[in-house]
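Listed below, chain by chain, are the residues.
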Amino acid sequence: MVTEKDVEHIGELADIGIEGAELATFTGQFNAIVEYFDVLDRVQGEGAVTRDLYNVMREDVVEPSLSQEEALRNAGAQEDGFVKAPRVM
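This report concerns the structure included in the present document. For every chain, the first residue of the written sequence is number 1, and numbering continues from 1 along that sequence. Local features in this predicted model are restricted to residues of pLDDT 70 or higher, and side-chain atom pairs are both shown and tallied only at a pLDDT of 80 or more, whereas totals for entire chains, interfaces and linings draw on every residue. Only hydrogens and water are removed before side-chain values are computed, so all heavy atoms of the structure are retained for them.

By the criteria applied, helices consist of DSSP H or I runs no shorter than four residues and strands consist of E runs no shorter than two, each listed in order from the N terminus. Along its length, the protein carries three helices and two strands. The order of helices and strands in the protein, counted from the N terminus, is α-α-α-β-β. A globule of 89 residues ought to have a C-alpha radius of gyration of about 12 Å, yet the protein, at 27 Å, is considerably larger. For the protein, the spread of C-alpha atoms along the three principal axes comes to 65 × 45 × 15 Å. The cut-offs for exposure are 20% and 50% of the maximum accessible area for each residue type, with area from a 1.4 Å probe on protein chains only; residues under the lower value are buried, those over the upper are exposed, and the others partly exposed. The proportion of buried residues among the 89 residues of the protein is 9%. All radius of gyration figures rest on C-alpha atoms, and the globule criterion is 2.2 Å times the number of residues raised to 0.38.

On to the side chain of Asn31. By secondary structure assignment, the location of Asn31 is in helix H2 (residues 20–42). A contact between two residues is defined here by any heavy atoms of the two lying within 4.5 Å. Setting aside anything within four residues of it in sequence, one finds Asn31 in contact with Met1 and Val2.

Topologically, Thr27 is positioned in helix H2. A relative accessible area of 9% means that Thr27 is categorised as buried. N or O atoms closer than or at 3.5 Å make up a polar contact, with two conditions inside protein: a donor-capable atom paired with an acceptor-capable one, and, for residues adjacent in sequence, both atoms drawn from side chains. Within polar-contact distance, the side chain of Thr27 engages the backbone oxygen of Leu23 at 2.7 Å. Filtering out sequence-adjacent residues up to four positions away, Thr27 remains in contact with Val2, Thr3, Glu4 and Val7.

Its identity as a non-glycine residue notwithstanding, Asp15 has a phi of 60°, on the positive side. Within the secondary structure layout, Asp15 lies in the loop between helix H1 (4–13) and H2. Look at Asp80: it is not a glycine, yet its phi comes out positive at around 55°. Within the fold, Asp80 resides in the loop between strand S1 (78–79) and strand S2 (82–83). Owing to a relative accessible area of 69%, Asp80 belongs among the exposed residues under this scheme.

What follows concerns H2. A helix is expected to reach a length of 1.5 Å times the quantity of its residues less one. For H2, with 23 residues, the first-to-last C-alpha span of 34 Å sits near the 33 Å given by 1.5 Å per residue. Those residues of H2 lying buried are Leu23, Thr27 and Asn31. Packing partners of the buried residues in H2 comprise H1.

Here Arg73 shows up in the loop between helix H3 (68–72) and S1. Note on Arg73: relative accessible area 61%, which makes it exposed. Along the chain, Arg73 and Asp60 lie 13 residues apart, while their C-alpha atoms are 27 Å from each other.

Nonpolar side chains (Val, Leu, Ile, Met, Phe, Trp, Tyr) within 5 Å and like charges within 9 Å form the patches, drawn only from residues with over 30% relative accessible area and no salt bridge. Surface accessibility follows the Shrake-Rupley procedure with a 1.4 Å probe radius. Residue values consider only the protein chains on display as shielding. We define a salt bridge as a contact between a side-chain nitrogen of Lys or Arg and a carboxyl oxygen of Asp or Glu at a distance within 4 Å. A surface patch of nonpolar side chains, amounting to about 600 Å² of accessible area, comprises Ile33, Tyr36, Phe37, Val39, Leu40 and Val43. Relative to the assigned elements, Val39 resides in helix H2. With a relative accessible area of 39%, Val39 lands in the partly exposed category.

Here is the structure:
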């Protein structure tokens, strides 16, 4: 059973603000979800599901592509034959 203290802790971990008025609502919703998982745990299966597996990927085919010069033609900035991107940090 999920308590209001558990919901407050989950809210802190998720970095979301849960106000006092919402706490009871969220606690009830969490408990409903947990109860549903309990129902799913009690379902009796008929064994493992087996399927015929096959590869849906196509074989690699070598095709002509752009040369390095053509690929870099529209690059805003280049360095040592590569596209130069702005620093992030």
